[in-house]
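So the chains spell out like this:
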Amino acid sequence: MRNTPLLSIVTPTRGSFSSHWFEQLCAVSGDVEFVLVYPPGVSKPSISAPRIRCIQSPFKGEVFQRFVGLLNASGTYIMALDDDDYVHPDVSQLVDSYFQNFPESWCLRLHVKKVDASHQDGLQASWAPIPDIHQLQTASRRGHDDLVLQEVPIAPLNNPFDIRFLIGPYVKRKDMQGPHIENFNNKVWKRELVHSTLNDIARVMTISYALTWIPQWSLDRMLGLFIQAKFFEKDKLMGHWMPMPEQIRYVCMDQSEKGEFRLILPADALLVKKFPQYGYFWNLFFEQFWVAIKKVSRKCLDDMRSWIAQK
């Protein structure tokens, strides 16, 4: 393996992943390093595989585990993968071929198949061959079964702020619709963009010390949007979206089923703080503000009911 691997796959974990998931991760071929990030207080396993690195985050929570893992990734390209998501064993060959053909791209969006948590047989199925990049045409749109690389434009961050979001949760956002992306996970990004952006995020968070101790928020969408805001160019084509068959299998599960209470609002607040000039972020923030009010109210009510039931 080269001193600089082609691809780093970064996974924050508590160490409770299944043996099948770990076997499938190790089955990924090519010039790949796997970075497993454990929370403090959890013993790192002794793994002798040379492509696997186990590190420990100084803080608890998905945000800092993922943050630390991404900063320690040494691959030319980076992908964040949860420890219940599966990736195609030939993904590194796809990454190499794609970025050779599209060297100006920021990211490659892999095609995801969502698997219901109660019907996980699809995770065991054999993987179909990945379409050959050289045989795919590019298009701005595609039908469900079209074997084309769909263009992924940069998010329309300069959309105006919709003042109606100030009055309550009854206005639905429409500016997030379209072929652009928001989330970072399960996509392949250039490491140089990711590391540069993480440094900026760290500086933004130095004024928000409390966030270092809040495990129930997410880096996923914030990082994807932060990269696009940092390097924003109106109407820029930032990458492509692969067609089916899938290259990622994602276990679809409600947060309540995971036993987690998670708010996205802190991440959106940091986006607004760093990039107040973008109306897209204000729309996002106020939408999530009302979502957070409902979530917190519901949790308080559930906790009160539970307390009463125990009396």
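Since the structure is predicted, the reported quantities are computational estimates derived from the model, not experimental observations.

Chemist: With reference to specific residues and values, describe the overall build of the protein.
Modeler: Along the backbone of the protein there are seven helices and 12 strands. Against the 2.2 N^0.38 benchmark of 19 Å for 311 residues, the protein shows a C-alpha radius of gyration of 20 Å, consistent with a compact globule. If one aligns the C-alpha atoms of the protein with their principal axes, the spans along those axes are about 55 × 45 × 40 Å. The burial tally for the protein puts 49% of its 311 residues in the buried class. Contacts in the protein between residues far apart in sequence, at least 24 positions, make up 78% of those at least 6 positions apart. Summed over its atoms, the accessible surface of the protein is roughly 15,500 Å², and 53% of this surface lies on carbon and sulfur atoms. When the 35 basic and 33 acidic side-chain charges of the protein are each reduced to a single mean position, those positions are 7 Å apart.

Chemist: Lay out the nonpolar core in plain terms, naming residues and giving numbers.
Modeler: In this structure, Phe184 and Phe281 are the most contacted members of the largest nonpolar core, which totals 50 residues. Elements represented by at least two residues in this core include exactly strand S2 (32–38), helix H2 (62–72), strand S4 (77–80), helix H4 (191–205), helix H5 (220–230), helix H6 (265–274) and helix H7 (279–310). The residues contacting Phe184, other than those within four sequence positions of it, are Leu70, Ile78, Ala80, Trp189, Val194, Asp220, Leu223, Gly224 and Ile227.

Chemist: Quick one: what's the story with the packing of H4 against H5, residue by residue and with numbers?
Modeler: Two elements in contact, H4 and H5, have axes whose closest approach is 10 Å; the angle formed by their N-to-C orientations is 100°. Comparing the axis directions of H4 and H5 gives the class roughly perpendicular. Facing H4, whose interface residues are Leu193, Val194, Ser196, Thr197, Leu198, Asp200, Ile201 and Val204, H5 presents Met222, Leu223, Phe226, Ile227 and Lys230.

Chemist: I'd like to hear about the sheet that holds strand S9 (residues 148–153), residue by residue, with values.
Modeler: Hydrogen bonds between backbone groups are what pair the strands of a sheet, and the pairing can be parallel or antiparallel. Spatially, nine strands are ordered S3-S2-S1-S4-S10-S6-S11-S9-S8 in an open sheet, and the strand pairing comes out mixed. Either end of the sheet is taken by a strand with one partner, and the two such strands are strand S3 (52–56) and strand S8 (137–139). This sheet shows a mean twist of 25° between the axes of neighbouring strands, independent of strand direction. In this structure, S2 lies alongside S3, joined through five bridges in parallel fashion. Each residue of the ladder has a partner; that of Leu36, found in S3, is Cys54. Its contacts with the sheet put H4 on S4 and strand S10 (187–190), and the angle it makes with S10 is roughly 80°.

Conventions and cut-offs
Residues numbered from 1 in each chain as written. Predicted model: local features only at pLDDT ≥ 70, side-chain atom pairs only at ≥ 80, totals over all residues. Heavy atoms only, no water. Helix = DSSP H or I, 4+ residues; strand = E, 2+ residues; numbered from the N terminus. Rg over C-alpha atoms; globule rule 2.2 N^0.38 Å. Buried < 20%, exposed > 50% of the residue type's maximum accessible area, 1.4 Å probe, protein only. Contact = heavy atoms within 4.5 Å. Areas by Shrake-Rupley, 256 points an atom, 1.4 Å probe, with all protein chains shown as cover. Lys, Arg positive; Asp, Glu negative; His and termini not counted. Charge placed at Lys NZ, Arg CZ, Asp CG, Glu CD. Core = buried A, V, L, I, M, F, W, Y, C linked by side-chain atoms within 4.5 Å. Axes fitted to C-alpha atoms, helices over the stretch in contact; angles between N-to-C directions. Parallel < 35°, antiparallel > 145°, perpendicular 65-115°, else oblique. Pairing = 2+ DSSP bridges.

No statement about biological role is implied by the geometric values presented.
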